[in-house]
Amino acid sequence: MQTVTELVMLRKAVATLRADGSTVALVPTMGALHEGHLTLMREAARQADRVVASIFVNPKQFGENEDLDAYPRQLARDSALLEEEGVALLWAPLVDEVYPEGFATNVSVGKFSEHLCGADRPGHFDGVATVVCKLFNQVAPDMAFFGEKDWQQLAVIRRMARDLDLMLPRAGAIYGVPIVREPDGLAMSSRNAYLSAEQRADAAALPATLRKAAELVAEGHPWSAIASAAREDLLESGFERVDYLDLRDSDSLKALDSDNGNARLFVAARIGGTRLIDNLPIRAAN
């Protein structure tokens, strides 16, 4: 696996990968890789000839009081994992390479960014959209892969790519890959490492509560009552705060009060100072 840290070398390396007509997939990450990330790499390798992974801890998507400095950085370990997965090229730029002196452009995706995580993390999705737009332009991939755990992020990126006519040649070339979960159902996340043993055990209540709520929605029970009970369950299970628990359309992210055939549950809750997110589609009741 080749590793590059400068844009001029990246473009030369990608051109070399394409020289024999190979297709190229991009998997953007912030590092601290876990099985969820590696699943993205495997799906990318299944659909493309060559995989380019990026590792960049993007300062523009962290708020003033968020964990930018504490975010785990373990490039040597991550590189070894990517090489084991057969990734062809790692793009690992420094901040100054992505945001050189005088950088003044911001990409904002309107209403898709204003609710759910966007309400509690103002500017977060502008940072996501800006860096992913740059990554698409830098690598010029045929397709890109993102985890469905960050469903709102996926919706923002898809909307941005459509609105800006970004050149990913395949229809639907921005792929969402299903959430990879721990045995107790907790969605895999780099932030799970922040949890103590007790907090980690309590955190299993998040997916369990979400599954129960999804079943009740599918059965036609009133959403307001479901949401109130689910919030109470989470607080009783050890979570200090529920930032949101919403029922929304999967594509438009419009708020719903019942299942519309395309509904999804979204949750963000805090335990021990760590903010965990999850989402689940509503399945038809049996």
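Residues numbered from 1 in each chain as written. Predicted model: local features only at pLDDT ≥ 70, side-chain atom pairs only at ≥ 80, totals over all residues. Heavy atoms only, no water.

Can you walk me through the pattern of salt bridges in this structure?
Opposite charge on two side chains lets them pair, provided their charged atoms get close. For the structure on display, the rule yields 17 salt bridges. Put simply, D163 and R159 hold a salt bridge, and the shortest N to O gap is 2.9 Å. Of this pair, D163 and R159 both sit in helix α7 (residues 151-163), four residues apart, which is roughly one turn of that helix. Take R159: its relative accessible area is 26%, and that puts it in the partly exposed class. Via salt bridges that share partners, D120, R241, D243, R270 and R275 belong to a single interconnected network. (Salt bridge = Lys/Arg side-chain N within 4 Å of Asp/Glu carboxyl O. Helix = DSSP H or I, 4+ residues; strand = E, 2+ residues; numbered from the N terminus. Buried < 20%, exposed > 50% of the residue type's maximum accessible area, 1.4 Å probe, protein only.)

Looking at this model, I keep getting lost on empty space enclosed by the protein. Mind explaining?
In this approach a probe as big as a water molecule rolls over the atoms, and the regions it shows empty are the leftover space. Within the structure shown, the criterion is met by one cavity of 30 Å³ or more. Considering only enclosed or pocket space, the largest cavity measures out at about 40 Å³ in volume. Every residue along the wall of the largest cavity is listed here: F56, W91, P93, V98, V131, K134, L135 and Q138. Counting residues per element, the lining of the largest cavity draws most heavily on helix α6 (residues 124-139), which supplies four residues. Its residues assigned to classes, the lining of the largest cavity shows six nonpolar, one polar and one charged. (1 Å grid on protein atoms, 1.4 Å probe; cavity = no way out; pocket = protein on both sides within 12 Å on 5 of 7 lines; lining within 4 Å. Points joined across faces, edges and corners; volume = space filled by probe spheres on them. Nonpolar A, V, L, I, M, F, W, Y, C, P; charged D, E, K, R; others polar.)

Would you explain the sheet that holds strand β8 (residues 263-271) in this entry?
Strand pairing in a sheet relies on backbone hydrogen bonds, with the paired strands running either antiparallel or parallel. With antiparallel pairing, the three strands of this open sheet are ordered in space as β7-β8-β9. Both outer strands of the open sheet, β7 (241-249) and β9 (274-281), are each paired with one neighbouring strand and no more. Across this sheet, the average inter-strand angle for adjacent strands is 10°, counted without regard to direction. The pairing of β8 with β9 spans eight bridges and is antiparallel. If you follow V267 over to β9, its bridge partner there is D278. Its contacts with the sheet place helix α9 (residues 205-218) against β7, β8 and β9, and it is angled at close to 30° to β9. (Pairing = 2+ DSSP bridges. Axes fitted to C-alpha atoms, helices over the stretch in contact; angles between N-to-C directions. Contact = heavy atoms within 4.5 Å.)

What is the right way to look at the domain arrangement of the protein chain in this model?
Interface size is often expressed as the accessible area that is lost when the parts come together. Looking at the protein chain, the domain boundaries give domain 1 (2-177) and domain 2 (190-280). Just the C-alpha atoms count here: the centres of domain 1 and domain 2 sit 26 Å apart. Listed as interface residues are 21 residues of domain 1 and, on the opposing side, 16 residues of domain 2. Its largest share of buried area at the contact with domain 2, domain 1 owes to L116, D120 and W151, together 37% of the area lost on that side. For the interface between domain 1 and domain 2, the tally reads two salt bridges. Between R264 and E148 there is a salt bridge whose closest N-O contact spans 3.7 Å. Across the domain 1-domain 2 interface, the total number found is four residue pairs in polar contact (both at pLDDT 80 or more). Taken together, the elements giving at least two residues each to the side of domain 1 that touches domain 2 come down to α5 (117-120) and α7. Considering each element in turn, the side of domain 1 that touches domain 2 owes the most residues, three residues, to α7. Along the lines of polarity and charge, the residues of the side of domain 1 that touches domain 2 split into 10 nonpolar, five polar and six charged. (Domains from an automatic or database assignment. Buried area = accessible area lost by both parts, 1.4 Å probe. Polar contact = N/O pair within 3.5 Å; in protein donor to acceptor, adjacent residues only side chain to side chain.)

Help me understand helix α1 (residues 7-18), please; the structure alone is not making it clear to me.
Every α-helix carries 3.6 residues per turn, so stepping three or four residues along brings you back to the same face. Between its first and last C-alpha atoms α1 spans 17 Å; for 12 residues at 1.5 Å apiece the expected length is 16 Å, and the two agree. Along α1, the positions that sit buried rather than exposed are L10, A13, V14 and L17. Projected down its long axis, α1 carries its buried residues within an arc of 100°, all on one side. Those residues of α1 that are exposed and aimed more than 90 degrees away from the buried face are K12 and T16. Packed against the buried residues of α1 are β1 (2-4), β2 (24-29), β3 (50-55), β4 (89-91) and α6. (Expected span 1.5 Å × (residues − 1). Arc of directions from axis to C-beta.)

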